[in-house]
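Structure assessment
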Amino acid sequence: MKTTKIIATGILAMGLATANLHALDTNERLELLESAMIEQATTPAQKSAVSEYLASVAKEKTELAQALRDRAGSTRGGKALSQMNEKKELLRRAEALEKEAKKYQTVSMDMRAESMQVAHN
């Protein structure tokens, strides 16, 4: 019985470790695709489309960050320590999302400026 628990725990731990690696892998792939999209956009229409996409992603991240902040501000009952830790984690995630949103917004604005400049030339 004891060895069964050890084996089950080991399998569960390996599964969780693999799931985290897969999630990181997906984020990296998405960043690579976005980088390629930005680099390959040459015409004003392409730059405008990429700019709109990046602005949309920035808006989504900002909205999600606000939702996390709202959730952090609400009380749900339970132990004070766990509630405080959850609030800190939610606020940390919200800050990270807002930083990402600013990065996307900056790149979006740069792409929009480039598309306007190319269109005027």
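Residues numbered from 1 in each chain as written. Predicted model: local features only at pLDDT ≥ 70, side-chain atom pairs only at ≥ 80, totals over all residues. Heavy atoms only, no water.

Re the UniProt feature "coiled-coil region" (unreviewed entry) in the protein chain
The sites that UniProt annotates as "coiled-coil region" (unreviewed entry) are residues 80-114. Helix makes up 100% of residues 80-114 and strand 0%, and the two end C-alpha atoms of the span are 51 Å apart. (UniProt positions renumbered as here; feature names shortened; annotations may be inferred. Helix = DSSP H or I, 4+ residues; strand = E, 2+ residues; numbered from the N terminus.)

A closer look at a nonpolar patch on the surface
Residues Leu30, Met37 and Tyr53 make up a contiguous nonpolar surface patch of roughly 240 Å² in combined accessible area. Secondary-structure assignment places Met37 in helix H1 (residues 2-40). The exposure class assigned to Met37 is partly exposed, which follows from its relative accessible area of 33%. (Patch = residues over 30% accessible without salt bridge, like charges linked within 9 Å, V, L, I, M, F, W, Y side chains within 5 Å. Areas by Shrake-Rupley, 256 points an atom, 1.4 Å probe, with all protein chains shown as cover. Salt bridge = Lys/Arg side-chain N within 4 Å of Asp/Glu carboxyl O. Buried < 20%, exposed > 50% of the residue type's maximum accessible area, 1.4 Å probe, protein only.)

Quick look at the pattern of salt bridges
The full count for this structure, using the stated rule, is five salt bridges. Taking the shortest distance from any N to any O, the salt bridge between Lys47 and Glu114 comes out at 2.9 Å. Linking Lys47 in helix H2 (residues 44-73) with Glu114 in helix H3 (residues 80-120), this pair joins segments that are 67 residues apart in sequence. The buried category is assigned to Lys47, whose relative accessible area is 11%. For Arg69, the salt bridge goes to Glu98, with nearest N and O atoms at 2.9 Å. One end of the pair, Arg69, is in helix H2; the other, Glu98, is in helix H3, with 29 residues separating them in the sequence. Given the relative accessible area of 27%, Arg69 is considered partly exposed.

Describing the side chain of Lys61
Mapping Lys61 onto the fold places it in helix H2. A relative accessible area of 18% places Lys61 in the buried class. Other than its neighbours up to four places away in sequence, Lys61 contacts Leu97, Glu100, Ala101 and Tyr104. (Contact = heavy atoms within 4.5 Å.)

Quick word on the environment of Glu52
Relative to the elements of secondary structure, Glu52 occurs in helix H2. Each C-alpha atom of the pair Glu52 and Met109 lies 9.2 Å from the other, and the pair is 57 residues apart in sequence.

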